[in-house]
Every structure is written in structure tokens, then in C-alpha cells.
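# Coordinate inspection notes
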Amino acid sequence: MRAPAGAVSTGAAFTGTVLTNAVLTGTALTGAVLTNAALSGALLTGAAARCRGHR
């Protein structure tokens with residue numbers, strides 16, 4: 001049994017959309033993690049600088 005060409009192309013487009021969404025979601029999550037890391041680093045650096053300034 002062969003699937004109709006329209007169904008195949010629709011399935012391929014859907015798969016492509018899912019993969020694209022997965023990539024975009026991964027990129028967004030990676031960006032969020034990197035942003036959190038940058039913010040944490042800035043906070044830690046600021047806290048360390050404040051501690052050094054008090055002495």
C-alpha cells in the first residue's frame with residue numbers, strides 16, 4: 001500500500017515543523033541557560049567585589 005503523495009508531503013512538512021520547533025526550543029533554552037549563567041556570574045562578581053570593598 002502506498003500513501004498518497006499529498007499525505008507524504010504533509011507528513012514531511014509536519015516532521016520538518018516539529019524538528020524546527022525542537023531546534024528553536026533548544027536554542028531558546030540554551031539562550032536562557034547562558035543568560036542565567038551570565039546573570040549569576042555578574043551577581044557573584046558583584047558580591048565578591050562588595051565583600052572586598054568592605055574590608
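From a predicted model like this one, the values you see are computed outputs, not experimental measurements.

## What to know about the overall build of the chain
Helix and strand content of the chain: one helix and zero strands. Here the C-alpha atoms of the chain give a radius of gyration of 23 Å, more than 25% beyond the 10 Å that 2.2 N^0.38 yields for 55 residues. Buried residues in the chain amount to 0% of all 55 residues. Accessible surface, the chain as shown: approximately 4,700 Å² in total, 72% of it carbon and sulfur.

## A look at the environment of G11
By the element assignment, G11 lies in helix α1 (residues 5-54). Distance from G11 to C51, taken between C-alpha atoms, is 59 Å for residues 40 residues apart in sequence.

## What to know about the environment of S40
Along the chain, S40 turns up in helix α1. The class of S40 is partly exposed, set by a relative accessible area of 39%.

The rules behind the values
Residues numbered from 1 in each chain as written. Predicted model: local features only at pLDDT ≥ 70, side-chain atom pairs only at ≥ 80, totals over all residues. Heavy atoms only, no water. Helix = DSSP H or I, 4+ residues; strand = E, 2+ residues; numbered from the N terminus. Rg over C-alpha atoms; globule rule 2.2 N^0.38 Å. Buried < 20%, exposed > 50% of the residue type's maximum accessible area, 1.4 Å probe, protein only. Areas by Shrake-Rupley, 256 points an atom, 1.4 Å probe, with all protein chains shown as cover.

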